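Report on the structure
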Amino acid sequence: MAVSENVLNLTGRLAPRWMDRALADALATADPADMPVLVDRLLQRSGRIASEALVRHFHMFADPLKQRVVDESAKLAEALRGVGRHGGVQDRLNAVRIIARAGDRAMMDQLNRHLSSSESRVARRAAATMLQWTERHCGQAGADPGPWQEAMGRALVDACRTYARHRWRDVILAACGLCERRPDWLKRFFNPQHDAATKALVCMLDALDEPDVCRLAPVMLRCATLRPAALRALIRPRAQRWIGHWLENPTLLNCFGMRKALAELPRAEHLVPTHKQMAGMKSAALRQLPNWIDQLPLDRRAKLVAMGRISGCSDPSVRLGCLRRLQAMRCGEADALISCLGFDPSPAVARMALRWLLRRRWGGLTRLLTRLVGCHNKPIRRMAAAHLAERSFASLWHNWAVLEQNTRRSAGRAWLKLDRRDRSRLNAKLHADDGGQRFRAVAMVRELGLADRYSAELIERLEDEDAKVVSSAAGALGAARDTPQLDRALRKALDHDDDRVRSNAIESLHRLGRLDRAKPQLWRLVDEGGNRSRATALWAMSEQPTERTMMALTSMLDDPRPSHRLSALWVVGRTRPQAMTQPVMTLAQSESDVDVRAAALRIIRQRRIPLYPDVRVLGEAG
Amino acid sequence: MQWLMLATRRDWAMEWPKLGWTDLLHLLTFVVAVWVLYRLVVLAGAAHRWLRRIGPFWRVAGSAGLNWPQRWRLLRIAQRCGLGTPLSLLMSSGTLYHHARLYESQHSKRQAERIRHGVRRIAIRLYGPHRA
């Protein structure tokens, strides 16, 4: 050990004043190896002389020793203050270095005092320290930014007030950095009372070269003093580079004055970020983009183009914001853009977009729904299918009468695939108050081959008050599965007042192969029924022709009523009995009713029977 | 003190007192005595302060094994180099040698050699031969 233990032990008993003086005087010229021991002793004694000696010789210490002194800087507060007031240049520089390294916000006022030092190195160091502390402690990442911000705020207000004396730009930058977190403090730092600082800031804003100042440009719109300069800066094309930084401030667009000032911009096309810029933006900034574009004074077309650019963003919340802004625009072009959001990967956004378009009854909705039915998003696919089914049912229902049979069947099958509520829809129509709707519903069931599924409803329709409906239902039931209830209902329909109903019931029973038990009723209809039921009954029973049926058919062909004769010819045309050739020929030759005769001739022509076998054509005779 | 009484009169200019050589001698004696007294008091104060400053050093240096001439040499070095207290010279060998070199530079070559030799012996006494 370089320092004599003996001497140090002996000096330990001395009055503090002498010991401090001795150690302090020895510090400047001591061996480097002795320095730690001396510094330790001085730190332990912590008197004024000892502390001042440590501050004055701080620049001579090695780094570990400097750190040791900085760690104990709380003990040196008085000495730092004293040296700052009365010390030389090197002493004050040491004091600022210790304060800077200590990072103690209680020493902020001392730092502020050094800012006005006549020695430029001291003042520059103090200003740089202020800027460094603002960046380190007052940001979002700071451990406890609140007290730091308060302390820095007070110090920077003083620094801005005395800016005319020191003129250090770092102070302005530090104030701007702090204002980024606390925009309401802008007026504290830059106001007409702090004219020099305000003018310096305006110059920096016009130059647009300091990132700290450029980042704050939109926030300055709040401050009446800085608003003209901020507007000048914002209309410059170079301002585009800073959009990402501006939007990182979550409270940027909260202020009404700021939004109003933005609306006063003469041109703002350059303030819409490009794809490249958006790719480099943080998510916090991206989330503000829709609101930002909404506030810019752009015409509708430019705004839509900008929104379209954002709608491709990867962040769902950005797309949601974009959707909300587009909804607020309430125009066809915006709806067209919203339709693209229907394919959004986020189910929430896609659902909202689709609901909006449904509510707006957008023109291209059907086309969109048709595309969405095949999308990969399951909830959207279901929703689109449900709405498309509803719309397709409505369309099918509306155009049913004018569609061709094949088109009806294809469209109906497609609708049945999509719609999960087809049964309830058709049921509602089958039980509608309007007879025409009931008739169409039954026809739809029959055409689409749904008789088996709707057999209960169709059986119920057999009791309908409208004969057309009953007739159609009776016809449709032929394709249903055979059940005792169905058999009973159809046999009951054979006694219906309407001839068409009876006829259709016979056809259905024939298709079901249930004619055996209904034969008495059929014979009764042959004897007493109308032309349709009579003919249908004869046709149904002619599959196994008997003498009785032939006789009944003959008598029907001889019926005085033309409609009956015509219906009998229909039976002959379908069953083609050989025995009926002669009566048909007779009708073809001598029938007075035009329709009946035409029907008879058609049958004869189909069978290639010569009408007048005795008459020879001259050419044939040779 | 007649002349003092005369000097306070209003019409002293009119009637200038007659001062003899004796009076002047008394006056001079009085002034010298006051000045000597004053100097004595100042000297006593300085001596007191010097002793207070030197006292701790003297005791510590004596306890550290330095003899009177060595202590006197350190005192002279501290005094000529403007150190607040000669105790600083005991704190570090670097300090001792630094100030000793300054002190040497103020002396002739022969004396400097003698001083250097004496300081080396002091350093050996204080810090041991390996550091001296």
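See the structure printed just above.
Bear in mind the structure is a predicted one, so any value in this text is a computation, not a measurement.

**Observations regarding the packing of helix α35 (residues 531–541) of chain A against helix α36 (residues 547–557) of chain A**
Residue and element names in this part refer to chain A. Following both chains from N to C, one finds α35 and α36 inclined at 150°, their axes separated by 10 Å at the closest point. The orientation of α35 relative to α36 falls into the category roughly antiparallel. You can see that α35 and α36 cross each other, and the crossing is left-handed. Taking contact as the criterion, the partners of Asn-531, Arg-534, Ala-535, Leu-538 and Met-541 in α35 are, on α36, Thr-549, Ala-552, Leu-553, Ser-555 and Met-556. Classifying every residue of the contact of α35 with α36 gives six nonpolar, three polar and one charged.

**Side note on the nonpolar core**
Phe-189, Phe-190, Met-220, Trp-246, Trp-292 and Leu-326 of chain A are the most contacted members of the largest nonpolar core, which has 168 residues in total. Counting residues in hydrophobic clusters, the runner-up holds 67 residues, among them Leu-458, Ala-473, Ala-474 and Val-501 of chain A.

**Considering the interface of chain B and chain A**
Across the contact, 23 residues belong to chain B and 22 residues belong to chain A. For the pair chain B and chain A, the summed buried area comes to about 1,800 Å², and 66% of that belongs to carbon and sulfur atoms. Joining chain B to chain A, the criterion identifies zero salt bridges. Put simply, chain B and chain A have seven residue pairs in polar contact (both at pLDDT 80 or more) between them. Going through the elements one at a time, α2 (21–63), α4 (88–91), α5 (93–105) and α6 (109–127) of chain B are the ones with two or more residues in the side of chain B that touches chain A.

**A closer look at the pattern of salt bridges**
Residues and elements named next belong to chain A. Evaluated as defined, the whole model comprises 41 salt bridges over all chains. A salt bridge links Glu-447 to Arg-408, with the nearest nitrogen and oxygen atoms 3.4 Å apart. Of the two residues, Glu-447 is situated in helix α29 (residues 435–447) and Arg-408 in helix α27 (residues 405–418); the sequence distance between them amounts to 39 residues. Across the pair, Arg-408 and Glu-447 agree in class, each one buried. A network of salt bridges, in which partner residues are shared, links Asp-482, Asp-487, Arg-491, Arg-514 and Arg-517.

**Digging into the layout of surface pockets**
All names here are of chain A. Space inside the second largest pocket adds up to approximately 250 Å³. Contributions of two or more residues to the lining of the second largest pocket are made by α34 (519–528) and α35. Here the lining of the second largest pocket is composed, by residue class, of four nonpolar, five polar and three charged.

**Let's talk about the packing of aromatic side chains**
All names here are of chain A. Considering all chains together, one arrives at 10 aromatic pairs over all chains under this definition. Here Trp-539 and Trp-570 contribute two aromatic rings whose centre-to-centre distance is 6.3 Å and whose plane-to-plane angle is 50°, an arrangement assigned as tilted. Of this pair, Trp-539 sits in helix α35 while Trp-570 sits in helix α37 (residues 562–575), placing them 31 residues apart in sequence. Taking the relative accessible area as the measure of exposure, Trp-539 reaches 11% and is therefore buried. Through pairs of rings, three or more aromatic residues link up here, namely Trp-185, Phe-189 and Phe-190.

**Section: unusual backbone geometry**
Among all residues save glycine, negative phi is the norm, and among peptide bonds the norm is trans. Residues and elements named next belong to chain A. Within the chain, Arg-167 stands out as a residue other than glycine whose phi angle is a positive 60°. Here Arg-167 shows up in the loop between α11 (163–166) and α12 (169–181). Phi angles above zero are rare outside glycine, and Arg-361 is one such case at about 50°. One can find Arg-361 in the loop between α24 (347–360) and α25 (365–372).

**Focus: the packing of α24 of chain A against helix α26 (residues 378–399) of chain A**
Residues and elements named next belong to chain A. Contact geometry of α24 with α26 gives a least axis separation of 9 Å together with a crossing angle of 15°. Compared by their axis directions, α24 and α26 come out roughly parallel. As α24 packs across α26, the resulting crossing turns out to be right-handed. Of α26, the residues touching α24 (which contributes Pro-347, Ala-350, Arg-351, Leu-354, Arg-355 and Leu-358) are Pro-379, Ile-380, Met-383, Ala-384 and His-387.

What counts and how
Residues numbered from 1 in each chain as written. Chains lettered and ligands numbered in written order. Predicted model: local features only at pLDDT ≥ 70, side-chain atom pairs only at ≥ 80, totals over all residues. Heavy atoms only, no water. Axes fitted to C-alpha atoms, helices over the stretch in contact; angles between N-to-C directions. Helix = DSSP H or I, 4+ residues; strand = E, 2+ residues; numbered from the N terminus. Parallel < 35°, antiparallel > 145°, perpendicular 65-115°, else oblique. Left-handed = near helix turned anticlockwise from the far one by under 90°. Contact = heavy atoms within 4.5 Å. Nonpolar A, V, L, I, M, F, W, Y, C, P; charged D, E, K, R; others polar. Core = buried A, V, L, I, M, F, W, Y, C linked by side-chain atoms within 4.5 Å. Buried < 20%, exposed > 50% of the residue type's maximum accessible area, 1.4 Å probe, protein only. Buried area = accessible area lost by both parts, 1.4 Å probe. Salt bridge = Lys/Arg side-chain N within 4 Å of Asp/Glu carboxyl O. Polar contact = N/O pair within 3.5 Å; in protein donor to acceptor, adjacent residues only side chain to side chain. 1 Å grid on protein atoms, 1.4 Å probe; cavity = no way out; pocket = protein on both sides within 12 Å on 5 of 7 lines; lining within 4 Å. Points joined across faces, edges and corners; volume = space filled by probe spheres on them. Phe/Tyr/Trp six-rings, centres within 6.5 Å; stacked < 30°, edge-to-face > 60°.

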